[in-house]
Amino acid sequence: MFSLGVLMISLLAFTQCSPLGENPSPNPSPSTRTISASSPFVSATLGDVTYVNKGIVGFGLIPSNFTDSLGDTLGGIGSAIAFKYATWESLPNGSYTGTLVVHPDRGYNVISTVDYRSRQHEINFIFTPYNGTNDLDFETAQQTLQLTYVDTILQFDRGGGNTSGLDALAVRPAQSGFPTDALSDPEMPIANETYQHLTIDAEGLIAASDGTYWVSDEYGPYVYHFTANGSLIQTIQPPEAFLPLDSNGNVNFTSVVNPTTGRAGNTGFEGLTLDAENNILYTMLQAATIQDGGDDDESSLYTRMVAYNISNATLTRPTLVGEWVVPLPVSTSKSKTRKCSEIHFVSENVFFALSRDGNGNGAGTSSSDTTSKYKQADLFSIANATNIAGTKFDDPSNPVAPSGVLDDSVTPATYVSFVNYIDDDQLARFGLHNGGDEDSTLVNEKWESFALAPVNDPANPNDYFLFTASDNDFLTEDGISIGVPYNAGVNVDNQFLVFQVTLPSVPPGSIQQAIGV
């Protein structure tokens, strides 16, 4: 473990304070947290249950040029987040505190992939919800979510070897015990034949109750299981329909070119979540497989989600128990798929999905670059969807949606619009904007992660905080990548938002159980 102790990320004092509002009281009642925001509440109905978005209640950031304890720029951390187990706490003054575990992807790779070792960081926070109607200035808004860097933990290959962010140009053969032995590895993506380090492009994170972590990856697409100190425990390999296979049926993990079948390049397991009560892990591709239309943005809307039973995972290999087709939103102007960057378990059969466009801070300077049209935490249900696990569709020669046309025998998940990140009124309450000048107050391009926590308000028992963070692609004019300074030509801070949402389908205590409250 590498640590710099506790470092302040901003100039704001790390103090406990009452919930920010127009006239905050020194000892607010719990109901203070649920005062109406400036915009009307937005609701969505799914399976006869009405869910409510009460708007943004928190904002914070980590500066683009902040460095971790290894000396590298602290970037890309919105790729995956989770609450460190048993750290969430409600304070008597109405604020909340805890530790976020954040996982970057594969380093500063705007020009080419780099030998960036897989790692996760711990960030302490004090969250003071703001429910007022007045617009805060940008600096004051950051007091609602104060972030403090704590630690960086590297993750390692078998035998304690380093991992890498380099493109996967070679394949390590499966270990002799695979798949019978629970801990034996399948074929693994490695950098190349002479530099045989496991390559990871991490995009999803689960903080388990036993202190271990599950990490989803784009190269495989695989899900890796690590100890708290970063040692690799085991690997989940999905059905063959997901694997990047060439025309000869051989696995080829590179992200530079698309395979013949399987996950498209840079479109692997972006979403990862856990039903903690039943020990069911869910992971979802960012968009459709190649055979299901994933080679074209206009036909890649039918993605797949799989579920694994991870009870006693170190003794019994995680078992595939479900697989469903999830239809992603499509743009109205160009019919392009809004790819999904994260999922989160809500309740039985119900999930959040973070679908978005590629515009915002970090995308460019023109008005078309800076103006986002779709960034949302939507909802979907698999209650009436067809479970295709173990069917012919797990064979890549039998696509479930050839050229983006779904097979008539398959019913997809039900998907509905819900939390809009780019509501102008909501952004303005925290000194932010969508479109216009590319500056520090412009909402970021890539939002890619979720974490849920209870409000603990007796007057609103179904209310929860939805934390979400952005992947800034390590973009800074003052960066360090593997010890080498760089200038990306733009500064994009690591932005965090917190929404308050009403989720009536959540069983009482289940979110608390999931995060160890």
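Residues numbered from 1 in each chain as written. Predicted model: local features only at pLDDT ≥ 70, side-chain atom pairs only at ≥ 80, totals over all residues. Heavy atoms only, no water.

An unreviewed UniProt entry lists the protein under the name Esterase-like activity of phytase-domain-containing protein, with Lentinula boryana as the source organism.

*Asks:* An account of the overall build of the protein is needed here, citing residue identities and associated values.
*Replies:* Of the regular secondary structure elements, the protein holds four helices and 27 strands. Against the globule reference of 24 Å for 517 residues, the protein gives a C-alpha radius of gyration of 22 Å, in line with a compact fold. Expressed as a percentage of the 517 residues in the protein, the buried residues total 60%. Restricting to contacts in the protein with at least 6 residues of sequence separation, those with at least 24 account for 68%. Side chains of the protein carry 21 positive and 58 negative charges; the gap between the two charge centres is 2 Å. (Helix = DSSP H or I, 4+ residues; strand = E, 2+ residues; numbered from the N terminus. Rg over C-alpha atoms; globule rule 2.2 N^0.38 Å. Buried < 20%, exposed > 50% of the residue type's maximum accessible area, 1.4 Å probe, protein only. Contact = heavy atoms within 4.5 Å. Lys, Arg positive; Asp, Glu negative; His and termini not counted. Charge placed at Lys NZ, Arg CZ, Asp CG, Glu CD.)

*Asks:* Pulling in residues and values, what's your account of the environment of V517?
*Replies:* Position of V517 relative to the elements: it lies in the segment after α4 (510–515). What makes V517 exposed here is its relative accessible area of 51%. For V517, the contacting residues outside a window of four places in its chain are W88 and Q512.

*Asks:* I'd like to hear about the UniProt feature "domain: Phytase-like" (unreviewed entry) in the protein, residue by residue, with values.
*Replies:* Using the residue numbers shown here, the UniProt feature "domain: Phytase-like" (unreviewed entry) corresponds to residues 151–407. As annotated, residues 151–407 has a helix share of 2% and a strand share of 32%, and its two end C-alpha atoms lie 48 Å apart. (UniProt positions renumbered as here; feature names shortened; annotations may be inferred.)

*Asks:* Which residues make up the pairing of strand β20 (residues 350–356), and what are the values?
*Replies:* Taken across its seven residues, β20 has seven buried, putting it largely inside the fold. For strand β19 (residues 340–347) and β20, the ladder comprises six bridges, and the chain directions are antiparallel. The partner of S347 across the bridge, within β20, is V350. The pairing of β20 with strand β21 (residues 375–381) spans seven bridges and is classified as antiparallel. Looking across to β21, one finds that L354 is bridged to A377. (Pairing = 2+ DSSP bridges.)

*Asks:* Any chance you could break down empty space enclosed by the protein for me, citing the residues and the numbers?
*Replies:* Following the criterion strictly, the structure yields two cavities of 30 Å³ or more and no others. Roughly 40 Å³ of internal volume is contained in the second largest cavity. As for the second largest cavity, its lining consists of N361, G362, N444, E445, K446, D471, N472, D473, L475 and V492. For the lining of the second largest cavity, the per-class residue count stands at two nonpolar, four polar and four charged. (1 Å grid on protein atoms, 1.4 Å probe; cavity = no way out; pocket = protein on both sides within 12 Å on 5 of 7 lines; lining within 4 Å. Points joined across faces, edges and corners; volume = space filled by probe spheres on them. Nonpolar A, V, L, I, M, F, W, Y, C, P; charged D, E, K, R; others polar.)

*Asks:* Now, about unusual backbone geometry: what can you tell me, with residues and values included?
*Replies:* Cis peptide bonds are those with omega within 30 degrees of zero, and the linkage from F178 to P179 qualifies with 5°. By the secondary structure assignment, P179 is in the loop between β9 (170–172) and β10 (188–190). Residues other than glycine seldom take positive phi values, yet A86 does so here, at roughly 65°. Tracing the backbone shows A86 in the loop between β4 (81–83) and β5 (89–90). One non-glycine residue with positive phi stands out, namely N349, at about 75°. Within the secondary structure layout, N349 lies in the loop between β19 and β20. With relative accessibility at 27%, the residue N349 sits in the partly exposed group.

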